[in-house]
Amino acid sequence: MRRVLAAALAAMLLTGCASLAEPQLRTALADAGLSRKNADCMAGRMVDRLSLGQIRKLEALKPPKDGKRSLSDYVETVRRVGDPELIGVTTSSAALCTTGLAR
């Protein structure tokens, strides 16, 4: 019984962390130059797939001088971070959001 309660508590805590991290991730994507529409779409997909450390890596990305960035430019910028999982999640989220297949 204790194990079941511990697992349920852990699941609730993880869900809470994800719900807190999504606005943080959305802001990081928008601050890096993505449109609000793309940031909203991608953050919803990415938040459950990335660690807090990976989200912090995205927060560290600087926007281009004009403040706007295409999805392909953003993916290329994330590629330079060198985290294969982060690259995969970013690339798949960008592709699904671009095609409208993401919900």
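This text goes with the structure placed above it.
Conventions we followed
- Think of each chain on its own: its residues are numbered from 1, step by step along the sequence as written.
- A pLDDT threshold of at least 70 governs which residues receive local features in this predicted model, and a stricter bar of 80 or more applies before side-chain atom pairs are shown or counted, although totals over entire chains, interfaces and linings include all residues.
- As a rule here, side-chain values come from all non-hydrogen atoms in the structure, and water together with hydrogens is ignored.
- Going along the chain from the N terminus, every DSSP run of H or I of four or more residues is numbered as a helix, and every run of E of two or more is numbered as a strand.
- The cut-offs for exposure are 20% and 50% of the maximum accessible area for each residue type, with area from a 1.4 Å probe on protein chains only; residues under the lower value are buried, those over the upper are exposed, and the others partly exposed.
- Exposure was quantified through the Shrake-Rupley algorithm and a 1.4 Å probe, taking into account, for residues, occlusion by the shown protein chains and nothing else.
- The term polar contact refers here to a pair of N or O atoms within 3.5 Å; inside protein, the definition further demands a hydrogen-donor-capable atom paired with an acceptor-capable atom, and it admits residues adjacent in sequence only when both atoms are side-chain atoms.

### Regarding the overall build of the protein chain
On a plain count of helices and strands, the protein chain comes out with five helices and zero strands. Reading the helices (α) and strands (β) of the protein chain from amino to carboxyl end gives α-α-α-α-α. Here the protein chain holds 103 residues, and 36% of them are scored as buried. Of the roughly 6,500 Å² of accessible surface on the protein chain, a fraction of 60% belongs to carbon and sulfur atoms.

### Examining the side chain of Asp 83
By the element assignment, Asp 83 lies in the loop between helix 4 (71-79) and helix 5 (84-99). Side chain to side chain, Asp 83 and Gln 54 meet in a polar contact 3.2 Å long. For Asp 83, the side chain forms a polar contact with the main-chain nitrogen of Glu 85, separated by 3.1 Å.

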